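Overview (structure and organization)
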Amino acid sequence: MRIGLAGVGRIGAFHAKTLAALDYVDELVVTDADTGAAERVAAGLGLQVAPDAEALLASGVDGFVIATATPGHAPLLRLALAAGVPAFCEKPVAATLKETIELAELVAATGVPVHVGFQRRFDAGYRRAQAAVASGELGFVHTIRAGTHDQAPPHASYIPTSGGIFRDCNVHDFDILRFVSGREVATVYATGGNKGAAFFAEAGDVDTGGALLTLDDGTIVLVSSTRYNGGGHDVRMEVHGEKGTIAVGLDHSLAMRSAEEGVDFPRGPQKWSFMERFLPAYQAELAAFADVARGEQPSPCTVRDALEAFRIAEACELSRAERRPVALSEIEGSQIGGIHTT
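The rules behind each value
Residues numbered from 1 in each chain as written. Predicted model: local features only at pLDDT ≥ 70, side-chain atom pairs only at ≥ 80, totals over all residues. Heavy atoms only, no water. UniProt positions renumbered as here; feature names shortened; annotations may be inferred. Pairing = 2+ DSSP bridges. Helix = DSSP H or I, 4+ residues; strand = E, 2+ residues; numbered from the N terminus. Contact = heavy atoms within 4.5 Å. Axes fitted to C-alpha atoms, helices over the stretch in contact; angles between N-to-C directions. Buried < 20%, exposed > 50% of the residue type's maximum accessible area, 1.4 Å probe, protein only. Right-handed = clockwise from strand over helix to strand, strands pointing away. Salt bridge = Lys/Arg side-chain N within 4 Å of Asp/Glu carboxyl O. Expected span 1.5 Å × (residues − 1). Domains from an automatic or database assignment. Buried area = accessible area lost by both parts, 1.4 Å probe. Polar contact = N/O pair within 3.5 Å; in protein donor to acceptor, adjacent residues only side chain to side chain.

An unreviewed UniProt entry lists the protein chain under the name Dehydrogenase, with Nonomuraea turkmeniaca as the source organism. Of the protein chain, the UniProt comment under Sequence similarities (unreviewed entry) reads exactly: "Belongs to the Gfo/Idh/MocA family."

Below, the structure written as structure tokens:
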């Protein structure tokens, strides 16, 4: 297969290395607004360089991976759809809810496969939790706890365009919640606070967030996030059921320590970034994209799935701003399509 890749920043350069190592990729062509960066990545991996995305798509590719900064996602995805080329797009597919809805409708109209990069769907722990729920192993599920706790905050310049902690950070929790539970969110109540750098509040954001979600079957979900988790990068989920409980991320890299005497768990070492935490999942999702591009399986995470996660984040931001519970029915773009658990 001949694959095109747009964007060779941190995640894009990682994707280039992953794609170049896959057996199914015969040729990999990269492009970036920073031509020098594209040439450096290409030289290090023995790849081809295209002057821009239009030229790359016109040259003939079997799949197109979008890993630019967020403002480039929607325009590049529209180019891929117009060219009829299956696409893999990092989240979010667009910066606004309105454009995400438009893209979901466009994908439905064109029929071109699009795989959105919510990598947690390919993490072994989350997949095991999903199987435990789906099989009935846990009995009925009554409570879920999910969290994304970054070890250190991003650069101040990132925050004003990030969309806020629920859209930027917890949107991963919202997507994987749908994947694991097989349910939809009915209502949210969210809050947030700032104890760290002033640039969060200056941008209208918070450095720590929390939300109480109720699923459509009555399951209670507690979601948390922070930009300041000095003990390490901490991403976990607990699924509590009638017959048992299962936890994702509960291993010796856990970014906390026990207050109990004589307990040597966790022994470490901790993980310090999302790339370290989800390295195998990132690799697995790109291998799966090959099957999507070849028409051997449907997208494991569609634009419609991304839209539903975005709507939950939007509801949380509205709840935080107005200090009230928000029903998902208040948020534009009511549920489209089903939940994909491939």
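Let us look at the sheet that holds strand 3 (residues 48–49). Spatially, 3-2-1-4-5-6 is the arrangement adopted by the 6 strands of the open sheet, whose pairing is parallel. Looking at strand neighbours, the two that pair on one side only are strand 3 and strand 6 (114–117), the edges of this open sheet. The sheet contact formed by strand 5 (residues 87–90) and strand 6 spans 4 bridges and is parallel. Paired with F88 across the bridge in strand 6 is H115. Against the sheet, helix 11 (residues 279–293) touches strand 4 (63–66), strand 5 and strand 6, its axis set at about 150 degrees to strand 5.

Cross-referencing UniProt, the feature "domain: Gfo/Idh/MocA-like oxidoreductase N-terminal" (unreviewed entry) maps to residues 1–118 in the present numbering. The span residues 1–118 is 46% helical and 20% strand by assignment, and the distance between its end C-alpha atoms comes to 23 Å.

Okay, the UniProt feature "domain: GFO/IDH/MocA-like oxidoreductase" (unreviewed entry) in the protein chain next. Those residues carrying the UniProt feature "domain: GFO/IDH/MocA-like oxidoreductase" (unreviewed entry) are residues 126–246 in this numbering. From the first C-alpha to the last, residues 126–246 spans 10 Å; its make-up is 25% helix and 36% strand.

In this section: the pairing of strand 6. On any regular strand, side chains alternate: one points to one face of the sheet, the next to the other face. A two-sided burial pattern is seen for strand 6, the buried positions comprising V114 and V116 on one face and H115 and G117 on the other. In this view, the connection linking strand 5 to its parallel neighbour strand 6 by way of helix 5 (residues 97–110) has right-handed handedness.

With that out of the way, let us pick up the pattern of salt bridges. Counted according to the given criterion, the structure contains 25 salt bridges. The closest approach of N and O atoms between R128 and E137, which form a salt bridge, is 3.0 Å. Here R128 falls in the partly exposed class, since its relative accessible area comes to 39%. A salt bridge links R227 to D168; the shortest N-O distance between them is 2.8 Å.

Taking 1.5 Å per residue, 12 residues should reach 16 Å; helix 1 (residues 10–21) reaches 17 Å between its end C-alpha atoms and fits that length. Among the residues making up helix 1, those that are buried are I11, G12, F14, H15, A16, T18 and L19.

Next up on the list: the domain arrangement of the protein chain. Split by domain assignment, the protein chain resolves into domain 1 (2–112) and domain 2 (121–274 + 304–330). Between the C-alpha centres of domain 1 and domain 2 the distance comes to 28 Å. The interface of domain 1 with domain 2 comprises 10 residues on the first partner and 11 residues on the second. When domain 1 packs against domain 2, the two sides together hide about 850 Å² of surface, and 73% of this comes from carbon and sulfur. Counting across the domain 1 and domain 2 interface gives 1 salt bridge. When the shortest N-O distance is used, the salt bridge between K91 and D168 registers 3.6 Å. Put simply, domain 1 and domain 2 have 1 residue pair in polar contact (both at pLDDT 80 or more) between them. A per-element tally of the side of domain 1 that touches domain 2 places helix 5 first, with 5 residues.

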